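# Structural overview
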Amino acid sequence: MTDPRRAHFDPRQLAAELRDGSEVADHAFDRLYPVPLRTMSRVHWTPLAVARRVVELLAPVAGERMLDVGAGVGKVCLVGALRSPAAWSGLELRPALIRAAEQAARALGVADRTSFFQTDMATFDWGGYDGVYLYNPFGEYLMPAAATSLREVGPLAGEYSHAARVAQHRRLVTATEEKAWSLRPGARVVTFHGFGGAWPPCLELVQREKISTDVLEVWVRVDAAPRPPRDPGVDPLAEPLRGA
Ligand SMILES: C[S@@+](CC[C@H](N)C(=O)[O-])C[C@H]1O[C@@H](n2cnc3c(N)ncnc32)[C@H](O)[C@@H]1O
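Residues numbered from 1 in each chain as written. Predicted model: local features only at pLDDT ≥ 70, side-chain atom pairs only at ≥ 80, totals over all residues.

## Quick look at the overall build of the protein chain
- From N to C terminus, the protein chain includes 8 helices and 7 strands.
- Buried residues in the protein chain amount to 39% of all 244 residues.
- Partitioning the contacts of the protein chain with sequence separation of at least 6, the portion at a separation of at least 24 is 68%. (Helix = DSSP H or I, 4+ residues; strand = E, 2+ residues; numbered from the N terminus. Buried ≥ 20, exposed ≤ 12 C-beta atoms within 10 Å, placed from the backbone. Contact = placed C-beta atoms within 7 Å.)

## A short note on unusual backbone geometry
- Its identity as a non-glycine residue notwithstanding, Ala 59 has a phi of 45°, on the positive side.
- Locating Ala 59 in the fold gives a position in the loop between helix H5 (48-58) and strand E1 (65-69).

## Points about the site of the ligand
- Every one of the 23 residues lining the ligand counts as a neighbour, but Trp 45, Thr 46, Gly 70, Gly 72 and Tyr 135 are closest to it.
- Contributing elements (two or more residues each) for the shell around the ligand: helix H6 (75-83) and strand E2 (87-92).
- For the shell around the ligand, a count of residues per class yields 13 nonpolar, 5 polar and 5 charged. (Near = placed C-beta within 6 Å. Nonpolar A, V, L, I, M, F, W, Y, C, P; charged D, E, K, R; others polar.)

Everything listed here is a matter of coordinates, which is why it stays silent on function.
Shown next, in the form of structure tokens:
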């Protein structure tokens, strides 16, 4: 019997299967990417079953804009563009991952509704977005620099001491909490494995469900008490990061 992993790979066929809701294995999807990025999939990229559910929970309609903060190889944006009429953007520091996401978008025929920005998320405005997704984007800053396989595609804060990495984690978590205030009322936020912080009162938890290795949480931007003044001791834009 032919090993399905060696069979002819047709990205357009893959796109059609994802569009019509057929079961697609993660290893089949990951063939869109260069081999070193495939091997990181199980740990670092959202599994397809979770990505499909994220798209359902964000429930994007035509004309809306969705954002994946720390988009990796763009898996959620790509699945989102295939399974909804919305436009999907991904923010990612590492250039190699941006290139892989853009190449996969072209192969799947969704380059017109996906865009990937190489930027530190702390500098990016969420204001124009109707939905946001986060898969524990800053978890690696709390690990020793050598302990994450993502280091192979760029060190990120890898050259810094443990204390500096923890400070970067705090900066990014604080920036993320602040970004929630810039969303319009009604905008949705979905997290998988959280983001390392606690949302301010302008986001309300409306759903929580177990899936794969963790839970998905759905938060909605509500009209809340006015935003409290920023802690002057924490500047989330200080020391922006660059991908390697
Ligand atoms: C756990 S992966 C999730 C990837 C993708 N969201 C997914 O679900 O498949 C987290 C990603 O966040 C990126 N990242 C970490 N810090 C970032 C920052 N400050 N700005 C933009 N991206 C960042 C990392 O490079 C990594 O690719």
